[in-house]
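Observations on chain architecture
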Amino acid sequence: MTLHRGRGLMICHHCGHTEAPIRECAHCGSRDLSFGGLGTEQVERILLQCFPGARVARMDVDTTRGKWSHRDILDRVRTGKVDILLGTQMIAKGLDFPRVTLVGVINADIGLHLPDFRSCERTFQLLAQVAGRAGRAHLPGEVIVQTYVPDHYVIRAAVAHDYRGFADRELEARRDPPYPPRVRMARILLSSPVQKDALAAAERLGEWLRARRRPWPDVLGPAPAPIEKLHGRFRWHVLLRGNVSEVGRALLAVAEGFRPAGRDVRVSLDRDPQQLM
C-alpha cells in the first residue's frame, strides 16, 4: 500500500484497492507509526524545504488525473514557469527541453531486484533514457544517480553510456540457462479465489505438460507468481522455454486440451511475455 497524503488514502498500485491511512497498530494499539519509502509527494516536500524559492511541478498518477493535466504541466515547463520537474518514470521518455541541465535519479536500482529476467535490461534502458533529458542543446548536462549498488554492471554501464558493454554482458548472462532472445518463452498463469485450487491446477498443468510427447519446450515450475494475490485471486504460473515451434505447439495443446479443476480457475496464455510479475 502506498500512502497518498494529498488524497488521504493508501492505494495498491497493482489492483487499485484503497484504504484509509492506518492510525494505530492493529496488534498493540500504538499510534507511534511512520510510513517508510520515498514517494513523489515526500520528495516534493523535501525539495521545497531545500529550495524554498523554486517553482516545483510534480508529475505522477495523482497530478495527471485530469484530461489535460499532463499537457498543462509540460507547457509550464516549456515556457519556463517551472524550475524543477519531479515525477515518476513517465518523465523519463520523450521530453525535449533545451534548458534542462541537471537530472537526478532517486533509487535508481529499485528495478534491479525484481524477480524478472528483464530487470537489468529495463533498469539500463530507463537510466539511459532519463540521462538523455539533460544537456540536449548547447548547454552541458549533468546526471546524478542515487544507488545502493554503485559497482553493479548495469549502473556502471549506464553512467558510462556503454550500451555495447551492457548488451554483451547481458547476452552472456542469458546463455546458461538460456533466456530470450536466445530462446522463445511463454507464460501460463493460473488463478483462483481459492488458494489450494490455484496451486492444484498449476501442479496438474506442470505434470500434464511434462507428460506430453517430444519435441517439447522446457517446463519451468509451477511456482507462485511474484505478486501471488491480485484482485482477490491467488496466482501461480508455469514457464515454457524453447524454440518458436516447440513453444507454439505447447501453447496450442494447453488451449485445446487442458481443463483445470477447482473453483473458478482461470488459465491465461502469454507468448513472449514482457513481464513475469
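In the block above lies the structure referred to throughout.
Scope of this entry: the structure provided in the associated data block. (Residues numbered from 1 in each chain as written. Predicted model: local features only at pLDDT ≥ 70, side-chain atom pairs only at ≥ 80, totals over all residues. Heavy atoms only, no water.)

Let's talk about the overall build of the protein chain
Stated precisely, the cut-off is as follows: Helix and strand assignments come from DSSP, with helices taken as H or I runs of at least 4 residues and strands as E runs of at least 2, each series counted from the N terminus. Exposed residues in this analysis have more than 50% of their type's maximum accessible area, buried residues have under 20%, and partly exposed residues fall in between, with area computed by a 1.4 Å probe over protein chains only. Note on definitions: a residue-residue contact is assigned when non-hydrogen atoms from the two residues lie within 4.5 Å.
Regarding its fold elements, the protein chain presents 7 helices and 11 strands. Projected onto the principal axes, the alpha-carbon positions of the protein chain cover approximately 70 × 55 × 35 Å. Buried positions account for 35% of the 277 residues belonging to the protein chain. Sequence-distant contacts, at least 24 apart, represent 64% of the contacts inside the protein chain between residues at least 6 apart.

Points about the pattern of salt bridges
Here is the rule we go by: Salt bridge, as used here, is a side-chain nitrogen of Lys or Arg placed within 4 Å of a carboxyl oxygen of Asp or Glu.
Enumeration over the complete set of coordinates arrives at 15 salt bridges. The partner of Arg71 in a salt bridge is Asp72, with the nearest N and O atoms 3.9 Å apart. By relative accessible area, which is 45% here, Arg71 ends up partly exposed. Since its relative accessible area comes to 38%, Asp72 is described here as partly exposed. Put simply, Arg71, Asp72, Asp75 and Arg78 are held in one network by salt bridges that share partners.

Re the packing of aromatic side chains
Stated precisely, the cut-off is as follows: Note on aromatic pairs: the rings of Phe, Tyr and Trp (six-membered ring only in Trp) are paired at centre separations within 6.5 Å, and the planes decide the class, stacked below 30 degrees, edge-to-face beyond 60, tilted for the rest. Put simply, a charge is over a ring when the Lys NZ or the Arg CZ is close to the ring centre, within 6 Å, and near the line of the ring normal, within 35 degrees.
One pass over the structure, following the stated rule, counts 5 aromatic pairs. A cation over a ring is seen here: Arg169 above Tyr153, with NZ or CZ 4.1 Å from the ring centre. Taking the ring centre of Tyr179 as reference, the NZ or CZ of Arg241 above it sits at 5.1 Å.

A short note on the packing of helix H6 (residues 195-210) against helix H7 (residues 244-257)
Short version of the rule: Lines fitted to the C-alpha atoms define the axes, with helices restricted to the stretch that makes contact. Angles between their N-to-C directions range from 0 to 180 degrees. Throughout this description, any angle smaller than 35 degrees is read as roughly parallel, any larger than 145 degrees as roughly antiparallel, any in the 65 to 115 degree range as roughly perpendicular, and the remainder as oblique. Helix crossings fall into two classes, left-handed where the near helix is turned counterclockwise from the far one by less than a right angle and right-handed where it is turned clockwise. Each residue is assigned to one of three groups, with Ala, Val, Leu, Ile, Met, Phe, Trp, Tyr, Cys and Pro labelled nonpolar, Asp, Glu, Lys and Arg labelled charged, and all others, Gly among them, labelled polar.
Their axes nearest at 11 Å, the elements H6 and H7 cross at an angle of 125 degrees. Taken together, the axes of H6 and H7 lie oblique to each other. In this structure, the crossing between H6 and H7 has a hand that is right-handed. The residues of H7 that touch H6, namely those facing Leu205, Trp208 and Leu209, are Ala253, Val254 and Gly257. A breakdown of the residues in the contact of H6 with H7 according to their chemical character gives 5 nonpolar, 1 polar and no charged.

Side note on the sheet that holds strand S1 (residues 2-4)
Applicable threshold: Here the rule is simple: two strands pair whenever DSSP picks up at least two bridges between them.
One open sheet holds the 3 strands; their spatial order is S1-S2-S3, and the pairing between them is antiparallel. Two strands in the sheet have a free side with no partner beyond their single neighbour: S1 and strand S3 (18-19). Summarising the sheet, strand S2 (residues 9-11) and S3 pair through 2 bridges and their orientation is antiparallel. Its bridge partner being in S3, Ile11 is matched across the sheet by Thr18.

What to know about the environment of Asp272
Considering the arrangement of structural elements, one finds Asp272 in the segment after strand S11 (266-271). The class for Asp272 is partly exposed, based on a relative accessible area of 30%. C-alpha separation for the pair Asp272 and Gly87, spaced 185 residues apart in sequence, amounts to 30 Å. With sequence-adjacent residues up to four places away left out, Asp272 is seen in contact with Arg184, Met185 and Ala186.

Some thoughts on the pairing of strand S9 (residues 218-230)
Of the pairings in the sheet, the one linking S9 to strand S10 (residues 233-242) comprises 7 bridges and is antiparallel in character. When the sheet's bridge partners are listed, Leu220 is paired in S10 with Leu239. As consecutive antiparallel partners, S9 and S10 are separated by 2 residues, and within that stretch His231 has a phi angle of approximately 55 degrees, a positive value.

Considerations on the layout of surface pockets
It is a probe the size of a water molecule, rolled over the atoms, that shows where empty space is left. To keep things clear, this is the line we draw: Whether a set of points on the 1 Å grid over the protein atoms alone is a cavity depends on a 1.4 Å probe fitting there but being unable to get out, while an open set qualifies as a pocket with protein on both sides within 12 Å along at least five of seven lines; lining residues are those with an atom within 4 Å of a point. Grid points are joined across faces, edges and corners, and a volume is the space filled by probe spheres set on the points.
Of the volumes computed, that of the second largest pocket is approximately 230 Å³. Lining the second largest pocket are Glu121, Phe124, Gln125, Tyr163, Phe166, Ala167, Glu170, Leu171, Arg174, Pro180 and Pro181. Listed by contribution, the elements that provide at least two residues to the lining of the second largest pocket are helix H3 (119-131) and helix H5 (163-173). A breakdown of the residues in the lining of the second largest pocket according to their chemical character gives 7 nonpolar, 1 polar and 3 charged.

Topic: the nonpolar core
What tends to happen in soluble globular proteins is that the nonpolar side chains get buried as a cluster. Rules: Throughout this description, the term nonpolar core refers to a set of buried Ala, Val, Leu, Ile, Met, Phe, Trp, Tyr and Cys residues connected via side-chain atoms within 4.5 Å.
Counting residues in each nonpolar core, the largest one holds 21 residues, and the members touching the most others are Ile188, Leu190, Leu205, Leu209, Leu240 and Val254. Put simply, the parts of the chain that give this core at least two residues each are strand S8 (184-192), H6, S10 and H7. With 6 residues, H6 is the largest single contributor of residues to this core. Once you skip the residues sitting within four places of it in the chain, Leu190 turns out to touch Ala201, Ala202, Leu205, Phe234, Arg235, Trp236, Phe258, Arg266 and Val267. Membership of the second largest hydrophobic core comes to 15 residues, among which are Val103, Val130, Val154 and Ile155.

Observations regarding helix H1 (residues 40-50)
Stated precisely, the cut-off is as follows: The directions from the helix axis to the C-beta atoms are what the arc is built from.
Those residues of H1 that fall on the buried side of the exposure criterion are Thr40, Glu41, Val43, Glu44 and Leu47. Burial along H1 is one-sided: seen end-on, the buried residues are contained in an arc of 160 degrees. Turned more than 90 degrees from where H1 packs its buried face, Gln49 and Cys50 sit exposed. Residues of H1 that are buried in the fold lie against S1, strand S4 (56-59) and strand S5 (84-87).

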